[in-house]
Amino acid sequence: MYLKRLELIGFKSFADRTELEFVPGVTAVVGPNGSGKSNVSDAIRWVLGEQSAKSLRGAKMEDIIFAGSDTRKPVNFAEVSLTLDNSDGSLDLEYSEVTVTRRVYRSGESEYSINKRPCRLKDIMELFMDTGVGKEAYSIIGQGRIEEILSTKAEDRRGIFEEAAGIVKYKNRKREAEKRLEETEQNLVRIHDIVSEIDEQAGPLAEQAETAKTYQALHQQLVEHEVSLYVQQIEATHEKWQRSSEQVAGLQNELIQLSATSSTREAELEQAKLKVHEIDQSIEELQQVLLSVSEETEKVEGQREVLRERKRNLAANRQQTMEQLHRLTEKQRSLEEELAEQNKLKQEAELRLAEAEAALQKAQENYSEMLQALTDDVDALKSDYFEKLNQTANLRNDMRHQQQILQTHQARVDRLTQEKARLDQEEAQRQEKLALCQQELAEVEQAINETLAAY
Ligand code: ATP
């Protein structure tokens, strides 16, 4: 067996993945102070199961994870894999090469594996036991350790020689066997204690046993008495049962007779039920007839109600029509009065027109006369002439105005005449409608009378 390879990731100063190959022979690691040579042997001890952070030159286990530098950020875990050549079978595994791996996270969580298979720390310890390889074994001797070994007592050196001799495993087993023996001895002492305690209780237990025996004898007597009591009770009950059976037989005979009577009564009852059924059917038929008669009556009642309603509506319509007729007659009367008024106005206007025309006539006559009389003295009478001309113009204007009023009155008279004609026409239509309503009313009344007569 020899060390073949060591692989470090994030362990102390080895931030990047670093692989160290060891060939058979002697390998020396050379470097200046603080360059990380001891970190290599720390890695080997750590992967073999070292638990003390102090012996790995740190304060706590987290210190073995690369803590970062000026140019690199810290990493989250450290991992070391140690590969050993096992072609000579020194390790108790059927592999020619054995790789032991350990990984630790900043959270403190640890993982172990042998040939990439997860395992416990104990499995790694047992694998290397008595092989000279191990965290405390002689195959790893750190700085100043040789001097320490040689100078310490022979007893302290013994561990190293025992490991080399391969008896550590047996010593461990012996230690475990001695521990178990000691436990067994302690158990024996406890058993002795219990036995002596039971011996002390033996006296009172004997008394209790005597009491138990007396109890058993008394219990036996009680059982015998109870049995004879039960036998007596059973015999009495049996006699009672026999008497009851006889009574039951008598009652059964009575029951048979009663059943026969009951059958006859049931037959009679059946016949009576049949008759009742027939009567029920006739009643039902009669009820059906009564129902249809009631329905018919209800229908006629409904029709009568409808006809009454129609009569009421027609009466209301008639009332409305009469009222409308009355209103129209009133309106016609007022229009006629208005027309008379207008005619009066027209006559007055005509009168005034005639007066105006007469005045004009007179003025013209005066003018003619004056014109005739004043022909010679035109200049003198010129003013009079103009005055008269003005009067004439005014009178003409007045006359034109009166004519316009007359025209307006005439147009209004025409409109009122037309309105009267239209109202006359409407009146005629209403009269027709009234006649129709009266005719319909007469028909409805006749129908009501007929229906009432039929009902
Ligand atoms: P010497 O010859 O003085 O014993 P050495 O070559 O053995 O020195 P080591 O003691 O192995 O060197 O290495 C120490 C170096 O490892 C230091 O430079 C230290 O900064 C670095 N180191 C230790 N732990 C860590 C860590 N967790 N993260 C980063 N660097 C670390």
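Source: prediction; values computed, not measured.

S.K.: So, the site of the ligand: which residues are in play, and what are the values?
M.R.: The environment of the ligand is made up of 16 residues, and the closest members are G34, K37, S38, R57 and D63. G34 is positioned such that a nitrogen or oxygen atom in its backbone is 2.8 Å from an oxygen atom of the ligand. Here an oxygen atom of the ligand and a backbone polar atom of G36 are 3.0 Å apart. In the complex, the protein chains occlude 68% of the 640 Å² of accessible area that the ligand would expose alone.

S.K.: Which residues make up the pattern of salt bridges, and what values do they have?
M.R.: Throughout the structure, instances matching the rule amount to 26 salt bridges. Close ionic contact of E19 with R17 constitutes a salt bridge, the shortest N to O distance being 3.6 Å. Note on E19: relative accessible area 38%, which makes it partly exposed. Bridged by salt links that share partners, the residues K4, R5, E7, R17, E19, E21 and E97 form one connected network.

S.K.: Can you lay out the packing of aromatic side chains for me, pointing to particular residues and giving the numbers?
M.R.: One pass over the full model with this rule turns up two aromatic pairs. Taken together, a centroid distance of 5.5 Å and an interplanar angle of 40° make the contact between F11 and W46 tilted. Taken together, the residues span a long stretch of sequence, with F11 in the loop between β1 (2-9) and β2 (18-21) and W46 in helix α1 (residues 37-47) at a distance of 35 residues. The same class applies to F11 and to W46, which are both buried. Ring geometry for F77 versus Y105: centroids 5.9 Å apart, planes at 50°, classification tilted. With F77 in strand β3 (residues 77-85) and Y105 in strand β4 (residues 97-105), this residue pair connects regions lying 28 residues apart in the sequence. For F77, a relative accessible area of 24% gives the class partly exposed. In this structure, R103 packs its charged tip against the face of F77, placed 4.0 Å from the ring centre.

S.K.: Summarise a negative patch on the surface; cite the residues concerned and give the values.
M.R.: A surface patch of like charges, here negative, comprises D193, E197, D199 and E200. Along the chain, the position of E197 falls in helix α5 (residues 168-373).

S.K.: I'd like a rundown of the confidence of the model for the chain, residues and numbers included.
M.R.: Per-residue confidence for the chain averages 86 on the pLDDT scale, and 96% of its residues sit at or above 70. Averaged pLDDT values for the elements of the chain fall to 69 in helix α4 (residues 154-165) and rise to 96 in β3.

S.K.: So what's going on with the environment of L251? Which residues, and what values?
M.R.: Along the polypeptide, L251 turns up in helix α5. Judged by relative accessible area, L251 falls into the exposed class, the value being 54%. Each C-alpha atom, one on L251 and one on D424, is 113 Å from the other, the two residues being 173 residues apart in sequence.

S.K.: Kindly report on the sheet that holds β4, identifying the contributing residues and their values.
M.R.: Read from one edge of the open sheet, six strands run β2-β1-β3-β4-β5-β6, paired in antiparallel fashion. The outermost strands of the open sheet, each flanked by one partner alone, are β2 and β6 (117-119). Each strand of the sheet is rotated relative to its neighbour by a mean of 20°, with strand direction disregarded. Here β1 runs beside β2; their pairing, made up of four bridges, is antiparallel. Across the sheet, E7 pairs through a bridge with E19, a residue of β2. Taken strand by strand, α1 contacts β1, β2, β3 and β4, and its axis lies near 85° from that of β3. Here helix α2 (residues 121-128) sits on the sheet in contact with β3, β4, β5 (110-114) and β6, set at roughly 40° to β5.

S.K.: Give me the lowdown on unusual backbone geometry, citing residues and values where you can.
M.R.: One non-glycine residue, R57, adopts positive backbone phi at about 65°. Within the secondary structure, R57 sits in the loop between α1 and β3. For R57, a relative accessible area of 53% corresponds to the exposed category. Positive phi values are uncommon outside glycine, yet N115 reaches one of about 50°. Mapped onto the elements, N115 comes out in the loop between β5 and β6. Classification of N115 by relative accessible area gives partly exposed; the value is 22%.

S.K.: Pulling in residues and values, what's your account of the nonpolar core?
M.R.: Judged by nonpolar contacts, the single largest core of 33 residues is most densely connected at L6, F11, L48, I64, V80 and F128. Elements represented by at least two residues in this core include exactly β1, α1, β3, β4, β5 and α2. With five residues, the top contributor of residues to this core is α1.

S.K.: Any details on the environment of L434? Residues and values, ideally.
M.R.: Along the chain, L434 turns up in helix α6 (residues 382-454). Among the residues examined, L434 registers a relative accessible area of 9% and is labelled buried. Placed 396 residues apart in sequence, L434 and S38 show a C-alpha to C-alpha distance of 137 Å. Beyond its immediate stretch of four places on either side in the chain, L434 contacts T321, M322 and L325.

Quick notes on the rules
Residues numbered from 1 in each chain as written. Predicted model: local features only at pLDDT ≥ 70, side-chain atom pairs only at ≥ 80, totals over all residues. Heavy atoms only, no water. Near = heavy atom within 4 Å. Polar contact = N/O pair within 3.5 Å; in protein donor to acceptor, adjacent residues only side chain to side chain. Areas by Shrake-Rupley, 256 points an atom, 1.4 Å probe, with all protein chains shown as cover. Salt bridge = Lys/Arg side-chain N within 4 Å of Asp/Glu carboxyl O. Buried < 20%, exposed > 50% of the residue type's maximum accessible area, 1.4 Å probe, protein only. Phe/Tyr/Trp six-rings, centres within 6.5 Å; stacked < 30°, edge-to-face > 60°. Helix = DSSP H or I, 4+ residues; strand = E, 2+ residues; numbered from the N terminus. Lys NZ or Arg CZ within 6 Å of the ring centre and 35° of its normal. Patch = residues over 30% accessible without salt bridge, like charges linked within 9 Å, V, L, I, M, F, W, Y side chains within 5 Å. Lys, Arg positive; Asp, Glu negative; His and termini not counted. Charge placed at Lys NZ, Arg CZ, Asp CG, Glu CD. pLDDT = per-residue confidence, 0-100. Pairing = 2+ DSSP bridges. Axes fitted to C-alpha atoms, helices over the stretch in contact; angles between N-to-C directions. Contact = heavy atoms within 4.5 Å. Core = buried A, V, L, I, M, F, W, Y, C linked by side-chain atoms within 4.5 Å.

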